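# Analysis of the macromolecular model
Residues per chain are reported as follows:
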Amino acid sequence: MIRFSAEILFKSVSFRLFSKKRDNADSEPLDNEELLNNLLTMGVDVDMARKRQPGVFNRTDTREQDLQAFLLSKGASKEVIASIISRYPRAMTRTSESLSDRWDLWRRIVTSDLEIVNILERSPESFFRSSDNLNLENNIKFLYSVGLTDKYLCRLLTNAPRTFSNSLNLNKQMVEFLQEVCLSLGHNGPKGFIRKIILKNPFILIQSTKRIKANIEFLQSTFCLTNDELLSLICGPGAKILDLSSDCMRRSYRNIKEKLFSLGCTAKEIQKFVLSYPDVIFLGEKKFNDKIDCLIEEKVNISQIIEHPRILDSSIGTLKSRIKELVNVGYDLSTSNISLLSWSQKRYNAKLKKLYIEQNIVLEN
């Protein structure tokens with residue numbers, strides 16, 4: 001009897017605890033209902049916001065109306081605010097005081113409120129990802145101390161805002177590593193080196209030192225570069241490819257070699273091709289092969305591609321349509337300049353119009 005009674009007592013306690021838990025759970029939608037009504041009134045895409053950061057909808061301390069009022073005071077439209085919350089709902093958890101302090105820190109770098117609004121419209125995470133304003137302030141001071149001016153900081157904030165959400169120690173590690181690279185290659189101006197590489201690749205500070213080190217070693221050993229040649233490459237056209245994983249870089253370069261060797265290129269020609277246009281490594285195996293095949297099929301000589309690698313910037317669709325248009329006006333791609341395949345649309349259209357006129361004059365005569 002005693003054992004049976006204890007079981008009954010346990011079940012009854014468990015049931016009450018379970019009931020209490022359900023009562024709490026049932027109360028959550030009431031809080032969410034107010035939040036959802038506010039968001040719908042503001043024009044927020046609630047489905048998108050839920051998918052991106054569902055945890056925000058379980059909080060009872062959201063400040064969506066305060067956020068809207070703050071951003072409206074800075075010149076943002078209601079549509080832009082709705083888009084920001086839809087894509088980064090965690091923005092609703094920031095206090096007005098924190099927002100104001102963070103905005104003031106950004107204004108040390110950015111010249112106007114409207115510029116900040118434009119950055120937030122493109123990348124809401126850049127502003128709202130962190131609420132650690134002290135870390136932001138320390139990062140700004142540190143980046144100034146290594147020789148970066150407002151122009152460089154603005155570029156970082158616009159293109160790679162995560163730099164300022166990094167811990168101060170992470171940014172210090174990367175800057176110290178780049179300074180070591182600079183000095184090891186015989187260059188005595190580390191501040192100038194860092195400015196140049198950040199100007200070419202604003203994302204470098206959010207990469208790992210291990211990745212950058214592996215890629216620099218790969219470039220130097222693969223292409224047998226002198227220290228001066230390596231410096232020129234990583235401060236110039238090769239700065240962006242340092243972001244790639246070392247495995248991706250190796251696979252891409254191996255594929256480029258295999259493809260170009262199969263078309264009769266020499267090792268020297270391939271090296272010249274890649275060093276003159278390192279961005280080709282970004283293409284990946286399939287995209288690179290497809291573009292080369294497309295051009296070869298259209299009677300473009302491989303030696304022309306080697307001399308004008310930037311034509312690979314254009315999509316296959318653009319390459320095919322332009323080749324067709326040029327052939328229709330009598331332009332011989334096998335003997336003529338092919339760089340116009342990568343020109344801006346405006347410049348290309350002007351050239352095409354001129355070719356049409358020349359063709360009509362020939363036909364009339």
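Let me sum up the structure you'll find in this document.

How each quantity is defined
Residues numbered from 1 in each chain as written. Predicted model: local features only at pLDDT ≥ 70, side-chain atom pairs only at ≥ 80, totals over all residues. Heavy atoms only, no water. Helix = DSSP H or I, 4+ residues; strand = E, 2+ residues; numbered from the N terminus. Rg over C-alpha atoms; globule rule 2.2 N^0.38 Å. Buried < 20%, exposed > 50% of the residue type's maximum accessible area, 1.4 Å probe, protein only. Contact = heavy atoms within 4.5 Å. Phe/Tyr/Trp six-rings, centres within 6.5 Å; stacked < 30°, edge-to-face > 60°. Core = buried A, V, L, I, M, F, W, Y, C linked by side-chain atoms within 4.5 Å. Salt bridge = Lys/Arg side-chain N within 4 Å of Asp/Glu carboxyl O. Disulfide = S-S within 2.5 Å. Patch = residues over 30% accessible without salt bridge, like charges linked within 9 Å, V, L, I, M, F, W, Y side chains within 5 Å. Areas by Shrake-Rupley, 256 points an atom, 1.4 Å probe, with all protein chains shown as cover. Lys, Arg positive; Asp, Glu negative; His and termini not counted. Charge placed at Lys NZ, Arg CZ, Asp CG, Glu CD. Expected span 1.5 Å × (residues − 1).

## Considerations on the overall build of the chain
- Within the chain, the secondary structure is distributed over 19 helices and zero strands.
- Relative to its length of 365 residues, the chain is extended, with a C-alpha radius of gyration of 29 Å against a globular reference of 21 Å.
- Expressed along its principal axes, the backbone C-alpha trace of the chain runs to roughly 105 × 60 × 55 Å.
- The buried share of the chain, reckoned over its 365 residues, is 41%.
- In the chain, the share of contacts with a sequence separation of at least 24, taken over all contacts with a separation of at least 6, comes to 71%.

## Some thoughts on the packing of aromatic side chains
- This model, assessed by the stated rule, comprises seven aromatic pairs.
- Aromatic side chains Phe70 and Trp103 sit 5.6 Å apart centroid to centroid with 80° between the ring planes, which places their arrangement in the edge-to-face category. Taken together, the positions of Phe70 in helix H3 (residues 64–73) and Trp103 in helix H5 (residues 96–107) put the pair 33 residues apart, joining distant regions of the chain.
- Phe70 sits in the buried class, given a relative accessible area of 12%.
- Judged by its relative accessible area of 1%, Trp103 falls in the buried class.
- Ring geometry for Phe127 versus Phe128: centroids 5.0 Å apart, planes at 75°, classification edge-to-face. Comparing Phe127 with Phe128 shows no difference in burial state: the two are buried.

## Structural notes on the nonpolar core
- Counting 108 residues, the largest nonpolar core has Leu71, Phe128, Phe193, Leu219, Phe273 and Val280 as the members making the most contacts within it.
- If one sorts the elements of this core by residue count, helix H10 (residues 168–184) sits on top with seven residues.
- In this structure, Phe273 is in contact with Ile256, Leu260, Val280, Phe288, Ile305, Ile306, Pro309 and Leu312, ignoring residues within four places of it in sequence.

## Describing the pattern of salt bridges
- On inspection of all chains with the given rule, the structure shows 10 salt bridges.
- Note that Arg129 and Glu125 form a salt bridge whose closest N and O atoms lie 3.1 Å from each other.
- Given a relative accessible area of 35%, Arg129 falls into the partly exposed group.
- Residue Glu125 is classed as partly exposed on the basis of its relative accessible area of 39%.
- Where salt bridges share partners, they join Arg108, Glu137 and Lys141 into one cluster.

## Considerations on the state of the cysteines
- Inspection of the entire model under this criterion finds zero disulfides.
- We note that Cys182 lacks a disulfide partner, and the nearest cysteine sulfur, in Cys235, lies 7.4 Å from it.
- Given a relative accessible area of 0%, Cys182 falls into the buried group.

## Side note on a positive patch on the surface
- A cluster of basic residues, Lys151, Arg155, Lys200, Lys240 and Arg310, forms a positive patch at the surface.
- In this fold, Arg310 is placed in the loop between helix H17 (302–307) and helix H18 (316–328).

## Focus on the environment of Glu121
- Mapped onto the elements, Glu121 comes out in helix H6 (residues 113–122).
- Once you skip the residues sitting within four places of it in the chain, Glu121 turns out to touch Val80 and Arg87.

## Re helix H16 (residues 285–297)
- When the terminal C-alpha atoms of H16 are compared, their 18 Å separation across 13 residues agrees well with the 18 Å that a helix rising 1.5 Å per residue should span.
- Among the residues of H16, those classed as buried are Phe288, Asn289, Lys291, Ile292, Cys294 and Leu295.
- One or two steps after H16, the chain reaches Lys299, where phi turns positive at roughly 70°.

## Focus: the side chain of Thr163
- Looking at where Thr163 falls in the secondary structure, it is placed in the loop between helix H9 (150–159) and H10.
- Judged by relative accessible area, Thr163 falls into the buried class, the value being 0%.

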